[in-house]
Structure formats: structure tokens, C-alpha cells
Amino acid sequence: MSVKLLRCLASDFIPKGQHVRHGHRMRGKPPTIARTLKQRLEELNREDPTLDFKVNIGYPMTKISRRSMISGWMNEIIARRNNAELEKSSRTRKLLVDLKTVKENWLQIDGSSHTHRIAKHYGVYNDLYGDAYFMPVVPLNISYDTEDDKLIKVYTGNVIKPGEASKAPDVTYDAEDGTLWSLIMSTPDGNLTSADNEYCHWFIGNIPGNRLKEGEELVDYLQPIAPYGIGYCRYIFVLYKQNHSIDFSEYKKTKPCLNLKERNWRTLDFYRKYQDQLTPAGLAFFQSDWDHSLKEFYYNMLKMRVPIFRYDFPKPYIKKQTWFPLKQPFNIYLDKYRDPKQIRKEFLLRKLKKVHPFDGPEPPRRFPLAHPDGKYIPSWLKFEIIKKRRGYSHVNDLNEY
Amino acid sequence: MYSVNARAGITRAFRVHRELHGNTELIETCTEIVNRNPRNLERLRIARKPSGYHLNKPGHMYWHKLFLIKKLRYVTAEVRHFENGPVVSVSSAEWALKKQLYRTTDSSAYINIGRVLAQRCLEAGICEMQIDAALTGNKCELLIKELEKNNIILTEPQVYQYPNSWDRYRPEKPWEIHE
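A brief look at the structure comes next. Please read all numbers here as calculations on a predicted model, not as lab measurements.

## Quick word on the side chain of Asp 127 of chain A
Mapped onto the secondary structure, Asp 127 of chain A falls in helix H7 (residues 124-129). Residue classification places Asp 127 of chain A among the buried residues on the basis of a relative accessible area of 17%.

## Re the interface of chain B and chain A
Interfaces are frequently sized by the accessible area removed from exposure as the parts join. At the junction of the two partners, chain B supplies 78 residues and chain A supplies 86 residues. If you sort the residues of chain B by the area they bury against chain A, Arg 36, Trp 95 and Tyr 102 of chain B come out on top, with a joint share of 11%. Linking chain B to chain A there are three salt bridges. When the shortest N-O distance is used, the salt bridge between Lys 103 of chain A and Glu 123 of chain B registers 3.3 Å. Counting every contact that joins chain B to chain A gives 42 residue pairs in polar contact (both at pLDDT 80 or more). Contributing elements (two or more residues each) for the side of chain B that touches chain A: strand S1 (3-6), helix H1 (9-13), helix H2 (22-29), strand S2 (32-34), helix H3 (40-43), strand S5 (85-91), helix H4 (95-98) and helix H5 (107-123) of chain B. Of the residues assigned to the side of chain B that touches chain A, the class counts are 35 nonpolar, 22 polar and 21 charged.

## With respect to the packing of aromatic side chains
For the coordinates displayed, the defined rule picks out 35 aromatic pairs over all chains. With 5.5 Å between their ring centres and 75° between their planes, Tyr 251 of chain A and Phe 270 of chain A make a pair best called edge-to-face. Taken as a pair, Tyr 251 of chain A in the loop between strand S10 (233-242) and strand S11 (264-265) and Phe 270 of chain A in helix H8 (residues 267-273) lie far apart in primary sequence, 19 residues in all. Accessibility classification places Tyr 251 of chain A together with Phe 270 of chain A in one group, the buried group. Between Tyr 62 of chain B and Phe 67 of chain B the ring centres are 6.3 Å apart and the planes differ by 70°, which places this aromatic pair in the edge-to-face class. Judged by its relative accessible area of 12%, Tyr 62 of chain B is buried.

## Side note on a negative patch on the surface
On the surface, Asp 145, Glu 147, Asp 148, Asp 149 and Asp 170 of chain A cluster together into a patch of negative charge. Here Glu 147 of chain A shows up in the loop between strand S3 (141-145) and strand S4 (151-154).

## Section: H5 of chain B
Residue and element names in this part refer to chain B. With 17 residues, H5 ought to run about 24 Å at 1.5 Å a step, and its terminal C-alpha atoms sit 25 Å apart, in line with that. Taking burial as the measure, the 17 residues of H5 include 15 buried ones, the bulk of the element. One or two steps after H5, the chain reaches Gly 125, where phi turns positive at roughly 75°.

## Quick look at the sheet that holds S4 of chain A
Pairing between the strands of a sheet is mediated by backbone hydrogen bonds and can be parallel or antiparallel. All names here are of chain A. An order of S4-S3-S6 is seen for the three strands of this open sheet, with the pairing classed as antiparallel. The open sheet is flanked by S4 and strand S6 (170-172), the only strands paired with a single partner. Averaged over neighbouring strand pairs, the angle between their axes works out to 25° when direction is ignored. Where S3 meets S6, three bridges bridge the pair, whose relative direction is antiparallel. Note that in S6 the partner of Asn 141 across the bridge is Thr 172.

## Re unusual backbone geometry
Residues and elements named next belong to chain A. Look at the link from Lys 255 to Pro 256: it is a cis peptide, with omega at -10°. Within the secondary structure, Pro 256 sits in the loop between S10 and S11. A positive phi angle is found at Asn 206, which is not glycine, with a value near 50°. When you line up the elements, Asn 206 lands in strand S8 (residues 198-208). Of the residues examined, Asn 206 reaches a relative accessible area of 12% and is grouped as buried. Here the phi dihedral of Lys 327 falls at roughly 55°; this positive angle occurs in a residue that is not glycine. Examined against the element boundaries, Lys 327 turns out to sit in the loop between strand S13 (309-311) and helix H10 (330-336).

Procedures and definitions
Residues numbered from 1 in each chain as written. Chains lettered and ligands numbered in written order. Predicted model: local features only at pLDDT ≥ 70, side-chain atom pairs only at ≥ 80, totals over all residues. Heavy atoms only, no water. Helix = DSSP H or I, 4+ residues; strand = E, 2+ residues; numbered from the N terminus. Buried < 20%, exposed > 50% of the residue type's maximum accessible area, 1.4 Å probe, protein only. Contact = heavy atoms within 4.5 Å. Buried area = accessible area lost by both parts, 1.4 Å probe. Salt bridge = Lys/Arg side-chain N within 4 Å of Asp/Glu carboxyl O. Polar contact = N/O pair within 3.5 Å; in protein donor to acceptor, adjacent residues only side chain to side chain. Nonpolar A, V, L, I, M, F, W, Y, C, P; charged D, E, K, R; others polar. Phe/Tyr/Trp six-rings, centres within 6.5 Å; stacked < 30°, edge-to-face > 60°. Patch = residues over 30% accessible without salt bridge, like charges linked within 9 Å, V, L, I, M, F, W, Y side chains within 5 Å. Areas by Shrake-Rupley, 256 points an atom, 1.4 Å probe, with all protein chains shown as cover. Lys, Arg positive; Asp, Glu negative; His and termini not counted. Charge placed at Lys NZ, Arg CZ, Asp CG, Glu CD. Expected span 1.5 Å × (residues − 1). Pairing = 2+ DSSP bridges. Axes fitted to C-alpha atoms, helices over the stretch in contact; angles between N-to-C directions.

Below you can see the structure in the form of C-alpha cells.
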């Protein structure tokens with residue numbers, strides 16, 4: 001109040017030109033009452049539990065009670081405590097656990113929940129099933145055999161180059177005889193028709209047990225084809241368990257299916273149709289990006305131009321042009337408001353003037369700034385020349401960044 | 001959000017008019033595609049990295065960061081994402097590790113946690129991460145050394161800034177690096 005009064009009086013009593021220090025004015029509510037940014041963000045991003053809940057469409061996790069687990073372990077723990085060799089190696093920091101057995105044990109106990117967490121991190125469930133998820137209770141063992149006898153495995157999000165994944169992988173999982181399964185490999189990223197679609201890369205239905213060869217191959221294997229410039233795409237294997245044999249003949253494609261439009265796929269629609277007969281049980285996925293081997297594949301197999309894309313960066317903010325821009329270098333200021341195409345054209349014309357039709361362009365100078373021009377040059381032009389010779393700023397636009 | 005614009009302007013001008021079919025038609029009509037992978041932009045260094053606020057304690061600037069939770073009986077190493085929370089975790093309380101260890105908090109436990117964490121991170125496609133400042137001491141150093149030995153990079157790259165036409169330098173484009 002007093003500040004307001006002072007301001008009111010200031011105009012009448014204080015002479016013009018005198019510096020006055022006003023008391024500081026607080027914007028908004030005082031800090032004890034106002035909410036913090038964290039609270040505000042929480043309120044903005046709060047999800048309504050009646051609408052935004054996720055549904056488990058897979059098998060429930062088998063919960064083992066802690067007591068029953070530990071009673072089985074106790075003898076082993078006691079035996080380990082009394083092991084003098086183990087103690088010695090542990091104290092001398094030479095105890096190295098066997099990673100293979102660690103992984104086997106982990107898959108039995110925590111494997112599915114950890115895989116589920118990573119898949120959620122990669123947005124797999126969200127893009128495939130929307131508001132549903134499943135627990136990957138059946139561990140999938142997928143490995144690509146490369147030509148130089150390397151075995152490349154698919155885990156949860158590791159990077160595999162398209163050159164390494166050119167042939168169909170070997171898939172194994174634990175399954176009893178007499179059960180039926182189906183395996184689908186699809187990618188929700190980089191669809192050329194619509195952003196909501198996926199590409200079906202592999203579809204095998206009615207697999208008896210884990211003998212993939214005996215299953216019905218409806219869509220043949222297509223290697224990862226990430227277009228140039230869009231980065232890493234996810235390639236997701238989902239294993240479904242079937243209650244009984246299903247007639248998938250509507251999805252049957254002629255082999256080899258190289259028309260990408262025919263491979264358009266929506267997992268959610270597929271699952272909705274067969275949700276009474278299918279239950280998702282296994283999950284594995286990898287990421288893949290552009291590789292030089294893809295160029296040949298696009299030309300020879302898919303018979304198309306290589307799709308080249310680039311990320312759509314936001315345009316820079318440029319202030320509105322004023323009549324009298326103070327303290328601004330006139331050439332840089334005016335260049336900001338000119339058509340960038342025109343600037344590029346000027347640079348190109350100036351460059352072409354120096355290019356000999358037969359000998360090509362001039363060789364680059366070894367010391368670009370050590371060539372004095374005799375006559376007087378204004379400083380702004382001197383600076384422009386320096387920039388041009390050293391290859392700074394606008395000159396680079398010619399090389400199509 | 002993740003849209004990518006086709007650089008088809010030049011090629012379209014020189015398009016040969018002939019019968020288009022199948023994939024050729026598909027690519028001629030496509031002007032925009034979307035990569036829905038939420039981790040893609042982080043791998044390409046384009047994604048936003050939180051920078052924290054002026055009065056915050058530093059240490060908010062990361063996509064993935066390694067944290068260590070020490071308890072009296074066991075140790076847990078966790079890789080957290082700045083939005084999604086814990087992603088990969090290894091604990092000496094897990095039966096898989098506990099089964100083969102002599103003691104769950106000694107140096108060799110830390111070493112083995114490091115080895116298993118490196119393996120799980122590489123399997124999850126996380127090969128770069130920051131390290132929490134609280135990870136100090138001999139045992140933590142052993143863990144970090146073990147991570148380094150197993151091909152985990154312990155720093156994260158800086159965010160790529162798309163240059164304006166008047167900027168001096170043109171940095172290397174991350175989406176053109178194919179190892």
C-alpha cells in the first residue's frame with residue numbers, strides 16, 4: 001500500500017530526472033502460499049484413475065511367498081557361509097559370479113517384471129496395445145546368425161544393424177508339446193502410409209510347441225528397413241499363446257511379400273479380433289537404424305528410391321523488424337529478414353563466377369586470410385570477406401546442411 | 001512431435017513421369033513420417049535434457065543416471081531415467097546374485113553388481129549414463145571401474161543444437177553417423 005502511495009506522490013513531489021529507488025514489488029502470491037513448480041506440474045499431469053488405468057491382457061504374475069522361497073535357500077546360504085574358499089576369494093576381491101547362471105536365475109524370479117519395466121520405458125505397450133499391457137512370462141530366446149559366424153541376440157532394446165539381421169532369426173522358448181503359439185514381429189516406427197500403422201515383418205501362426213518350422217508362415221520375414229535420417233526404430237517380437245488352432249488365412253500374403261502397403265499392420269485391431277483365443281506371453285525387441293547395406297536392399301528388393309528424411313526442427317524466433325534498429329550491424333540485421341533462398345542464390349552465383357568450366361573451382365587457399373586487397377574496404381565488408389574465406393555462417397548453406 | 005519432413009523438394013522437380021506402382025507410389029506420396037520410439041531422440045541427441053533450475057543443487061542434467069542405494073544388509077544399483085524413474089536395477093538382495101556371493105555388501109559384491117549391471121544395461125540398449133555424485137569411496141570406484149571395463153560410457157553427450165543460418169559453425173549431424 002505504502003509503495004503505491006509513494007508512487008502516486010512521486011510524480012508530484014520528486015523533481016524530474018531524479019533517480020528514485022522504489023521498494024521491490026512481488027509478483028504473484030508470496031512463496032509460503034504459492035504452489036511450487038513441482039506441485040503445478042503434478043497437477044497438470046495428474047491422471048484420472050477412472051480413465052487412465054492400464055489393463056493386464058496377459059498372464060498374471062505367479063506370486064511366490066517369501067517364506068516358501070527362503071526356506072529352500074536356507075541350506076544353501078549356510079553351506080556358503082561355511083565355505084572357506086569362497087570367503088578367501090571374496091576377501092581378496094577375486095570372487096567373480098558366473099553371469100550365465102545369474103541370468104538364468106534372474107529370468108526365473110525377476111526377469112518378467114524387469115523386462116516389463118524396460119518395455120514400458122521404450123513405450124512398447126503404449127504403441128502396440130494402447131491402454132493394455134502384459135507380463136512377458138515366457139522368456140524368448142532370439143538370435144541372428146551372421147555370415148561371419150557371429151551370434152547376435154535380441155534382448156530388450158539392444159541395437160542390431162540391418163546388415164546383421166538380414167536373415168530370419170532362430171527363435172526358441174520353453175513350451176510343452178501340444179500347445180499352440182503364434183509369433184509376430186512388427187515395428188510401430190517409420191510407417192510410410194500413416195503414423196498410426198505398423199509394419200508386420202514376420203508372422204507365424206499355429207506353431208506346435210516351439211517348432212517354428214512346422215508353423216504356418218503367413219507373412220514372410222522382412223529385414224529391418226529404417227529409412228535414412230529418422231534414427232532408431234523398434235522391432236518388436238510378441239509371442240502369443242493360442243487356446244486352439246485359428247484360421248489366419250485372411251492375413252496370408254504371397255511370398256515374398258515386398259509391397260510395403262500390404263505389410264501395414266495394427267496390433268491393436270488384430271488383438272481385439274482374436275482376444276478370446278490369443279494371450280500375449282513373450283516379448284523381445286531390438287532397435288535398428290540406417291545402414292549402408294539398406295541402399296541396395298531398397299533398390300533391388302523393394303524397387304524404390306531410398307526414403308530420405310530429416311527432423312523438422314522448430315524455426316528460430318526472429319524479432320519483428322523495426323524502422324530504426326539501434327546497435328545492430330546493418331548487414332547481419334537485414335540478412336535476417338531477407339529470403340534465405342535469395343541469400344543462398346547470391347552466394348552460389350558468386351561462387352560460380354570463380355569456377356572455371358573445365359578446370360573446376362579454384363583450389364582452396366592454404367592461408368585464406370593472407371591475401372591482402374590493395375584498395376580500401378569498409379570494415380563490415382572486410383568482416384564478410386573473412387567469414388567467407390574461413391567458411392563461417394551463411395557460406396555453409398551452399399553445402400546443403 | 002517426432003515428425004520428420006521429407007527432403008523431396010529437389011527430387012520432385014526431376015521426377016520422371018512414368019507408371020508408378022507399389023512402393024514407388026508410396027514414397028512419392030509420403031511427405032512426413034513419425035518415429036514413435038520415445039528413446040530415439042535421446043539416442044540422436046536431439047531430445048530435451050532437463051537442466052534444472054538456478055537455485056537447484058546441480059545434478060539434474062541427465063537422461064539416464066546411475067544411483068546407488070546402500071542398506072545395512074544389501075546394495076542396489078539403479079539406472080534412472082529423468083522422467084520414467086528406475087529402468088534397470090541390480091541388487092545383491094536378488095537371489096540370482098546372493099546365491100553366488102559370500103557377503104552382500106563387501107567389495108566383491110560391488111564388483112559383481114557392476115558386472116551384472118553392465119550386462120543388463122547393454123541388453124536394454126542403454127550404453128551411456130551419468131553417475132550420481134554420491135558414488136564416492138573405494139567400493140563405488142570398484143563398481144564404476146567394472147562398468148567401464150564392460151563398455152559402458154560414463155558420460156552423456158551434449159544436446160545437439162540445430163544451427164541457424166547466421167551461426168558460425170555447423171556441428172556434425174547425429175543422424176548421419178552410422179558407426
